[in-house]
Amino acid sequence: MQAASTHICERMGRSQELSDSKRGPVIGCHLCNKSIRDISWLLNILRSTVSGIITKWKQLGTTGTQPPSGRPRNMTERGQHMLKLTVHRSHQLSAESIAKDFQTSCGLQISTSTVHRELHGRGFHGRAAASKCYITKCNTKHRMQWRKARRHW
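Residues numbered from 1 in each chain as written. Predicted model: local features only at pLDDT ≥ 70, side-chain atom pairs only at ≥ 80, totals over all residues. Heavy atoms only, no water.

Going by what an unreviewed UniProt entry lists, the chain is known as Transposase Tc1-like domain-containing protein and is assigned to Staurois parvus.

Right, here's the structure in full:
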């Protein structure tokens, strides 16, 4: 009973990528005219995985992993954390001043649009906290009296 549960747990969730040492035998078996079902059974790999490896080998001529598509991100995790700390210290800094600050402190050359995009992604939407109007001691005293009188009604 325990063997069945471990087998189910092995297949649940997102599995890790197969190493090149496990992909090579798949292609070797395919070149020996083995069926996908037989390869799957022999190597204990899912049929969809075997099929994907063979298709990739036919199209690209390699079984290795390809580099990710798209342009690499300009901001690293560390840079994003520093950006968050900078904004928490002073909410009223402009994106231009933050970009210049990054260039001097970290050596990162980032544009103002990158700063806007990263801040928007982190939940900062270009609004500074509203400041309270200046309340004098006299106004504070009158306000407290008004609240006390209002409470007894």
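I tried to follow the nonpolar core on my own but got confused; where do I start?
When a protein is soluble and globular, its nonpolar side chains tend to lie buried together. Counting residues in hydrophobic clusters, the biggest one holds 10 residues: M75, L83, V87, A95, I98, A99, F102, I110, V115 and L119. Of all the elements in the fold, those that place two or more residues in this core are α5 (77-89), α6 (95-105) and α7 (112-121). With four residues, α6 is the single largest residue contributor to this core. Beyond its immediate sequence surroundings of up to four residues, V87 is in contact with I98, L119 and F124. One finds I27, I45, V50 and I53 within the second-largest nonpolar core, a separate group that totals eight residues. (Core = buried A, V, L, I, M, F, W, Y, C linked by side-chain atoms within 4.5 Å. Buried < 20%, exposed > 50% of the residue type's maximum accessible area, 1.4 Å probe, protein only. Helix = DSSP H or I, 4+ residues; strand = E, 2+ residues; numbered from the N terminus. Contact = heavy atoms within 4.5 Å.)

Honestly, α5 in this entry has me stumped. Any pointers?
Each turn of an α-helix holds 3.6 residues, which means side chains three or four residues apart point in the same direction. Between its first and last C-alpha, α5 extends 19 Å over 13 residues, near the 18 Å set by a 1.5 Å rise per residue. Inspection of α5 places G79, Q80, L83, T86 and V87 among the buried residues, and these make up the whole buried set. An end-on view of α5 places all buried positions within 120 degrees of arc, on one side of the element. Along α5, the residues that are exposed and aim more than 90 degrees away from the buried face are E77, R78 and R89. Where α5 is buried, its residues contact α6 and α7. (Expected span 1.5 Å × (residues − 1). Arc of directions from axis to C-beta.)

How do you make sense of the packing of α5 against α7 when you look at a structure like this?
Think of two packed helices as two axes; the pair is described by the angle between the axes and how far apart they sit. Across the interface, α5 lies against α7 with an axial gap of 11 Å and an inter-helix angle of 85 degrees. By the angle between their directions, the pair α5 and α7 is classed as roughly perpendicular. Seen from α5, the contacting residues are Q80, L83 and V87; seen from α7, they are V115, E118 and L119. Residues of the contact of α5 with α7, tallied by class, amount to four nonpolar, one polar and one charged. (Axes fitted to C-alpha atoms, helices over the stretch in contact; angles between N-to-C directions. Parallel < 35°, antiparallel > 145°, perpendicular 65-115°, else oblique. Nonpolar A, V, L, I, M, F, W, Y, C, P; charged D, E, K, R; others polar.)

Looking at this structure, how should I read a positive patch on the surface?
There is a patch of like positive charges on the surface, built from R143, R147, K148 and R151. Here R151 lies in helix α8 (residues 137-151). (Patch = residues over 30% accessible without salt bridge, like charges linked within 9 Å, V, L, I, M, F, W, Y side chains within 5 Å. Areas by Shrake-Rupley, 256 points an atom, 1.4 Å probe, with all protein chains shown as cover. Salt bridge = Lys/Arg side-chain N within 4 Å of Asp/Glu carboxyl O. Lys, Arg positive; Asp, Glu negative; His and termini not counted. Charge placed at Lys NZ, Arg CZ, Asp CG, Glu CD.)

Is there a simple way to think about the side chain of T86 in this case?
In this structure, T86 sits in helix α5. Each residue touching T86, except ones within four places of it in the same chain, is listed here: L93, I98, D101 and F102.

So what exactly am I meant to see when it comes to the side chain of T63 here?
Examined against the element boundaries, T63 turns out to sit in the loop between α4 (47-60) and α5. The contacts of T63, once residues within four sequence positions are left out, are D20, R23, I27, I53, K56 and W57.

Is there a simple way to explain the confidence of the model for the chain in this structure?
The predicted coordinates of low-pLDDT regions are not to be read in fine detail. Summarising the model, the chain shows a mean pLDDT of 81, and 85% of its residues fall at 70 or more. Across residues 1-9 the pLDDT falls below 50, and counting only partners more than four positions away or on other chains, this stretch makes zero contacts in the model. (pLDDT = per-residue confidence, 0-100.)

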